[in-house]
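Remarks on the overall topology
In case you want the letters, here they are:
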Amino acid sequence: MAGARAAIRYAKAVLSLASDQNAAETVNNDMKLIASTIASSKDLNDMLQSPVVRSSDKKAVLLEVFKDSNKMTANLIDTLITNKRLTLLSEVATSYNNLYDHLKGTQVAKVTTAVPLSDELRVKVLAKVKELTGKDAEVENIIDESILGGFILRVGDIQYNASVANKLSTLRRELTLN
């Protein structure tokens, strides 16, 4: 929990500085890239978490992997290394993205489906999210064949589960209780 609070503090500081220098959107794109790269690369994540790998080696790897990133992003990496908090990099990146979206009045609607969303359904989901929350949203489609059909919509702390698997589970509970 303390790590999450620290990650939010770092993210707030970077967002404040980036906003002052009109680089918030550029840094946001860097943070999205960092978060997705660390999440998709077990080797990179393991290297960042390893106490055996020297900080200088971690820095060299990060600066090579993210060589096209903004100077402010490189400064964040330096600061995390100096403060021995590099293990929080992924959390800081995710927190920054959330804070930036909140600042811009947008949010991420995560839609879990058994098959990829069509463009037509994506538009309908965006319209429904706008109706429910009054804010614009980006749609992130997560494919999970275990839900069998239907969808699960998550926006912020709101979740709507209209999956076939959920309906079957509910029906099973009702039948076993009677």
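Here is a short report on the structure shown in this document. The structure displayed is predicted, hence computed values, not measured ones. (Residues numbered from 1 in each chain as written. Predicted model: local features only at pLDDT ≥ 70, side-chain atom pairs only at ≥ 80, totals over all residues. Heavy atoms only, no water.)

Some remarks on the pattern of salt bridges
Rule in force here: Any Lys or Arg side-chain nitrogen located within 4 Å of an Asp or Glu carboxyl oxygen qualifies as a salt bridge. Counting from the N terminus, the helices are the DSSP runs of H or I reaching at least four residues and the strands are the DSSP runs of E reaching at least two. For every residue, the accessible area obtained with a 1.4 Å probe (protein chains only) is divided by the maximum for its type, and the residue is called buried under 20%, exposed over 50%, and partly exposed between those limits.
Tallying each qualifying case throughout the model produces 7 salt bridges. Between Asp46 and Lys42 there is a salt bridge whose closest N-O contact spans 2.8 Å. With a gap of 4 residues between them, Asp46 and Lys42 both fall in helix H3 (residues 42–49), about one helical turn apart. On the basis of relative accessible area, Asp46 is assigned to the partly exposed category, the value being 37%. Put simply, Arg54 and Asp57 hold a salt bridge, and the shortest N to O gap is 3.5 Å. Of the residues examined, Asp57 reaches a relative accessible area of 33% and is grouped as partly exposed.

A short note on the sheet that holds strand E3 (residues 150–155)
In plain terms, the rule: When DSSP finds two or more bridges between a pair of strands, those strands are recorded as paired. Orientation is described by lines fitted to C-alpha atoms, with helices fitted over the stretch in contact, and by angles between N-to-C directions that extend from 0 to 180 degrees.
A sheet is described by the order of its strands in space; here 4 strands give the open sequence E2-E1-E3-E4, paired in mixed fashion. Only two strands of the sheet have a single partner each, and these edge strands are strand E2 (136–143) and strand E4 (158–163). Ignoring which end each strand starts from, the neighbouring axes of this sheet average 15 degrees apart. Pairing geometry for strand E1 (residues 106–113) and E3, over 5 bridges, is antiparallel. Bridged to Thr113 within E3 is Phe151.

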